[in-house]
Each structure stands twice: as structure tokens, then as C-alpha cells.
Amino acid sequence: MKITKLKLNNFRNYNHENFDFCDNLNIILGDNGSGKTTLLEAIHYLSLTKSFRTHNNSDVVQYGNDYFQIFGTFNDSEIKELIVNLNYSKTEGKKLFYNQVELKKKTDIIGKIPVIILSPNNQKITEGGPSLRRNFIDRILSQINREYLLLLIEFKKRLYQRNLLLSGFKEKNRKAYDSYIETIDDFLIEHAFQIQKMRTGFIEEFNPVFESIFNSLSHIKKPVQIKIIPNISDGGENFINEYKEKLVSKFERDIIYGRTGSGPHLDQVMFIFEKRDIRFTGSQGEHKIFLVALKLAEGIFIEKNINEKVIFLLDDLFALLDKKHCMNIIDKIGFANQTFITATDMTVLKRADFDLSKYEHKVSHLPIGLS
Ligand SMILES: Nc1ncnc2c1ncn2[C@@H]1O[C@H](COP(=O)(O)OP(=O)(O)OP(=O)(O)O)[C@@H](O)[C@H]1O
Ligand SMILES: [Mg+2]
């Protein structure tokens, strides 16, 4: 998938602006606050109907306005043209159109315009708490396996229901594990078993791809892997008994806390860099390379599943990286995908003696009109 044109109206600092892109490497240069991240954010909106830096659509509307509009022209691998238009107004909400036909269902949208975003915010995945890493795994797996997505949705619904009941028990000072709770728990156990099996299977498949990408990006060449430490330790025959025993024995404690303290929603996901948890030992650059490798591996899995090339949106890619890593990354991404890289200037690329002429490329200077 490739985006050839983009038009923005009232989108953050862009009043009315038009952009043209090339099919391979698009380098977006501009000073701080010139609108580089905003441009990537607009492409992300067309792919997933949301921002990667705010949950609130009205944050994105240009100050003093009531609405924004984004128009993008895309070509897929068969060079079929797709015109995507997303409008948001503070009064009417969001509307998305493909070739002027409105799309209402999320499932019609997801995966049609596959993008992989790497932004400084993402660094929390390797540096922050466990839920971000669990979400990273769940997000990829949900995109490539619909059965997993449905299992996860059902599991979360029942978990929510159980937690509500726990709060009710607390209010009424009830403690008895009754048959209604048992029915919910049986449902949770059955789903949890499948979720755990699929997560483990996915990690086994993902790790070799991830490690090989990491080693091609880095001259550091250290063993890397993702490791899951399941909350229910037995992934085999005894899973059901172990989980059931935990749910029953911790029931009174769960009532006190108002939430369910055991299950796959509490699985730990660790990113291992040379036998250690990168969270506590990695340098800033190592964190960044780890994340870039994760994102490139994510791209491979998504592409394999939907049979369409992803668009890479790499915001501030070169920050924190030495020149060898910068060159390796661009070489690895190569010619196969359309890629957007933002930077404040060309210093890093020049410093790296990078031969841009190898690639079809376009350098855009922001604000538009400057060069
Ligand atoms: N709703 C909005 N309306 C108008 N301007 C906005 C809005 N939201 C953010 N801005 C401004 O838009 C500008 C562009 O922001 P953006 O994050 O895209 O800059 P950037 O080029 O990525 O900068 P940096 O190099 O610092 O990352 C900033 O000056 C920001 O304050
Ligand atoms: Mg930025």
C-alpha cells in the first residue's frame, strides 16, 4: 500500500495543505513544531481512524475551528486507486469514506491501509509497565488471528462482569463463592486456556523473526527475545485445575480489591536483551533499536497475513542512534515499502555518508514552500 497524495484542512497546525509523496523513501524535514509528527498522525488517522498521540479527536482540530478533514489517495499492490476521506466535527463526530462510500463498521476498516507507527511515545513499550508489552503482543495477534481477537473480547467482557460482581459482594459484605460466580469462572478458564496457548504459540513464531531483524540492524549482535511469564503457570493439562483453584482460593481477596487477581490479563511479558530484562539494563540506543526491530517484525507478520505491504511511519527515527544503526535501518527497510522518516535536518544522514540515490526518495521541507 502506498499513499500518493494527502490533503489536510484544519488539522493541528495545518490550515489548508497539500502533499505529494514518492513510492519509496519520504524524508520529512522541519524544525521543532513545524508539523512533522502531525503529518504522520494524519496518515495514521486514515489507516486506523485515530491518532497515536491522543484519544481525544478534538485535540487535533485546529485551534479556533470546529472540524478537520483529511483526504488521502492510496494505491494498493495491484495499483488500484483508493480515495480515503476522514472528517471529524465536534458536533457530528467522525465519518470515514472510501471512494465516497461511508464505512461504518470497524471491521471494514482494520487492515485495509496497514501502517506501522514508530514514535517516541512507543518507547514506553520497552521501558514502561507490563500492560504495554502485553498490549503490543495482543494487538499484533488480534490483527493476524480473528479467533484470538474474539476470544480476548469475550474474556475481557466476562472479566469486567466478574469485577462488577466482586464490588457488589463487597458492598453487601457477602463472601460465599456461589454458583453464578462459578459459571463466570468456568467461562474465563476456558477462554484463558486458549488465549495462553495462542500467545505462547505466537511468541515461538515471532522470536526468530524478531531476533534475525535485530541482528541485521545492530552490530551489537546479542541474543534477544520476548518471554512470557504466564500468571497461570501450567500451560498444559493442569491449567484448568490450577486456574480454578486460584480463582476460588483468592476469591475473598478479590472481593477486597474489587478485581480478579489471577488470569492471562496479568501475564508478564518481558523483553530480553542478552539474558536480561532490557527494561532495567538497556541503554537508550539499545531500547530504540529493540523497538525498531519489534516494529519491523510486526510489519512482516501483518504483511504475511493480509497480503499487502505496510507503510512505515518512523517519527524521529534517528534520535538516539549512532550512524551505523541509522544506515542499517534504512538498508533493512530498503525498497520494499513506502516509508516516512521525520528529522529536524539531514545531518544524521549526511554524517552517515548515506547514499540516498540508491532509493527512490523525496525530501520535503516543512513548512511547505521552504527548501
Ligand atoms: N489543535 C492544534 N491546532 C493548532 N496547532 C496545534 C494543535 N495541536 C498542536 N499544534 C501545534 O502544531 C505544531 C506542530 O506539531 P508537531 O508535533 O507536528 O511538530 P513536529 O514538527 O513534530 O515537532 P518536533 O520536531 O518538536 O517533534 C506545534 O507547534 C504544536 O504546538
Ligand atoms: Mg515531532
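Residues numbered from 1 in each chain as written. Chains lettered and ligands numbered in written order. Predicted model: local features only at pLDDT ≥ 70, side-chain atom pairs only at ≥ 80, totals over all residues. Heavy atoms only, no water.

Regarding the site of ligand 1
The condition is simple: Here a residue counts as near a molecule or strand whenever at least one of its heavy atoms sits within 4 Å of it. Here a polar contact is recorded for every N or O atom pair within 3.5 Å, except that within protein the pair must consist of a potential hydrogen donor and a potential acceptor, and residues adjacent in sequence are included only if both atoms are side-chain atoms. Put simply, Ala, Val, Leu, Ile, Met, Phe, Trp, Tyr, Cys and Pro go in the nonpolar bin, Asp, Glu, Lys and Arg in the charged bin, and everything else, Gly too, in the polar bin.
Looking at ligand 1, there are 16 residues lining it, with Gly 33, Lys 36, Thr 37, Thr 38 and Val 61 nearest. Measuring from an oxygen atom of ligand 1, one finds a side-chain N or O atom of Lys 36 at 2.6 Å. Arg 53 places a side-chain nitrogen or oxygen 3.0 Å from an oxygen atom of ligand 1. Looking at the shell around ligand 1, its residues break down into 3 nonpolar, 8 polar and 5 charged.

Some thoughts on the domain arrangement of the protein
Stated precisely, the cut-off is as follows: Each domain span listed reflects an automatic or database assignment of domains. The contact definition used throughout considers only heavy atoms, calling two residues in contact when any of these lie within 4.5 Å. Two parts lose some accessible area (1.4 Å probe) when they are put together, and adding that loss for both gives the buried area. Any carboxyl oxygen of Asp or Glu that lies within 4 Å of a side-chain nitrogen of Lys or Arg is treated as forming a salt bridge with it.
Assigned domains within the protein: domain 1 (2–114 + 308–365) and domain 2 (130–278). Between the C-alpha centres of domain 1 and domain 2 there is a distance of 33 Å. Contacts between the two partners involve 7 residues from domain 1 and, on the opposite side, 7 residues from domain 2. Summed over both partners, the interface of domain 1 with domain 2 buries about 620 Å², with 64% contributed by carbon and sulfur atoms. Of all residues in domain 1, His 325, Asn 328 and Lys 332 bury the most surface against domain 2, accounting for 61% of the area lost on that side. Summed over the shared surface of domain 1 and domain 2, the number is 0 salt bridges. Taken together, domain 1 and domain 2 are joined by 2 residue pairs in polar contact (both at pLDDT 80 or more).

Description of the packing of helix H5 (residues 146–172) against helix H6 (residues 179–217)
Note the cut-off: For helices, the fitted line uses only the C-alpha atoms of the stretch in contact; every axis is such a line through C-alpha atoms, and the angle between N-to-C directions lies from 0 to 180 degrees. The secondary structure listing takes helices from DSSP runs of H or I that are at least 4 residues long and strands from runs of E that are at least 2 residues long, numbered from the N terminus. Whether a crossing is left-handed or right-handed is set by the direction in which the near helix is turned from the far one by less than a right angle, anticlockwise for left-handed and clockwise for right-handed.
Interhelical geometry of H5 versus H6 gives an angle of 145° and a closest axis separation of 9 Å. Judged by the sense of rotation from one axis to the other, the crossing of H5 with H6 is left-handed. Across the interface between the two elements, Glu 147, Tyr 148, Leu 151, Leu 152, Glu 154, Phe 155, Arg 158, Leu 159, Gln 161, Arg 162, Leu 165 and Phe 169 from H5 touch Tyr 180, Ile 181, Ile 184, Asp 185, Phe 187, Leu 188, His 191, Ala 192, Gln 194, Ile 195, Met 198 and Arg 199 from H6. Split into classes, the residues belonging to the contact of H5 with H6 amount to 15 nonpolar, 3 polar and 6 charged.

Here's the deal with the packing of aromatic side chains
Convention followed: Note on aromatic contacts: the rings of Phe and Tyr and the six-membered ring of Trp form a pair at centre separations within 6.5 Å, being stacked when their planes are under 30 degrees apart, edge-to-face when over 60 apart, and tilted otherwise. Only protein chains enter the accessibility calculation, which uses a 1.4 Å probe. A residue is then buried if its area is under 20% of the maximum for its type, exposed if over 50%, and partly exposed in between.
One pass over the full model with this rule turns up 22 aromatic pairs. Seen from their ring centres, Phe 19 and Phe 21 are 6.2 Å apart, and the 5° between their planes marks the pair as stacked. Phe 19 sits in the buried class, given a relative accessible area of 5%. Ring geometry for Phe 206 against Phe 210: centres 6.1 Å apart, planes inclined by 20°, an arrangement best described as stacked.

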